[in-house]
Amino acid sequence: MSRISASVTPPSLKADLSGFDRCLYAVSIGGHNKSIEDILQGYRWAIGHFGRCGILLGDSLYRFTLQIQRGSNPKLAKQIARKAGQRTLDQIVSQLTRLPEVIRSSDILTHARFKEYLEEVNALYDTNRPFRESVQSDARVFVSRQSSRGRLALPESEAIDIASAYLVEEVAIYGCLAEEGWLVDVYLGAELPTLQRFITGELSGTSAPLHKRVNVALRIR
């Protein structure tokens, strides 16, 4: 039987998450290396450790990946991403005995505060060199991985620009969630380094309480 190990950021909370009563279990869409059973194992770990656990479905973020991997235009990519997110959610729900609480990233885009946070994070990207370099570093790693796997449909420079927009939007989404009290993010995989740097204090500059977040990175062994 497989086991799950957990790595917590910040490390000071590794032994004690009891101060947090809820978490969001983040599910990426379009991942090629995670089966539904793996995702379910991670979710069961999360609901076993927190009194309230919602699923954060990254459907809208997948549209950026589709543009990079398939060259899809933004409008079509948005439609495909929403449908792909629903298929993934249906697969998850079919294996559960009760309906989970679900937050879709596509729905967060309509929140009143999201636009403010997105403008703020975009301004930070334009004016704050450490943040911009962090985002671009993460974007280059992502694009390089797609290229090595033969999944790059765009010139590398264009793909990096789109990946950077993806990451800026993701930071704004987590800012909205943190403001609403969703401070613990559980994910089957590694935390985005840029988000991790807000937690550790290496990055700052937004009014969003990103520094209060906690990430629990799960790994199936």
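Residues numbered from 1 in each chain as written. Predicted model: local features only at pLDDT ≥ 70, side-chain atom pairs only at ≥ 80, totals over all residues. Heavy atoms only, no water.

### Focus: the overall build of the protein chain
Stage number 1. Regarding its fold elements, the protein chain presents 8 helices and 6 strands.
Stage number 2. Helices and strands appear in the protein chain in the N-to-C order β-β-α-β-α-α-β-α-α-α-α-β-α-β.
Stage number 3. Its C-alpha atoms give the protein chain a radius of gyration of 17 Å, near enough to 17 Å, the size a compact globule of 221 residues would have.
Stage number 4. Along the three orthogonal principal directions, the C-alpha set of the protein chain runs to about 45 × 35 × 35 Å.
Stage number 5. By the burial criterion, 48% of the 221 residues in the protein chain qualify as buried.
Stage number 6. Looking at the protein chain as shown, the accessible area adds up to about 11200 Å², and 48% of this sits on carbon and sulfur atoms.
Stage number 7. Side chains of the protein chain carry 28 positive and 24 negative charges; the gap between the two charge centres is 5 Å. (Helix = DSSP H or I, 4+ residues; strand = E, 2+ residues; numbered from the N terminus. Rg over C-alpha atoms; globule rule 2.2 N^0.38 Å. Buried < 20%, exposed > 50% of the residue type's maximum accessible area, 1.4 Å probe, protein only. Areas by Shrake-Rupley, 256 points an atom, 1.4 Å probe, with all protein chains shown as cover. Lys, Arg positive; Asp, Glu negative; His and termini not counted. Charge placed at Lys NZ, Arg CZ, Asp CG, Glu CD.)

### With respect to the nonpolar core
Stage number 1. Core analysis: the largest hydrophobic core is formed by 39 residues, its most contacted members being Leu56, Ile108, Phe131 and Leu177.
Stage number 2. Elements with a contribution of two residues or more to this core: β2 (22–28), α2 (62–70), α5 (112–127), α6 (129–148), α7 (156–179) and α8 (193–200).
Stage number 3. Top element by residues in this core is α7. It accounts for 13 residues.
Stage number 4. For phenylalanine 131, the residues in contact, after removing those within four places along its chain, are Val121, Leu124, Tyr125, Val171, Thr194, Phe198 and Leu203. (Core = buried A, V, L, I, M, F, W, Y, C linked by side-chain atoms within 4.5 Å. Contact = heavy atoms within 4.5 Å.)

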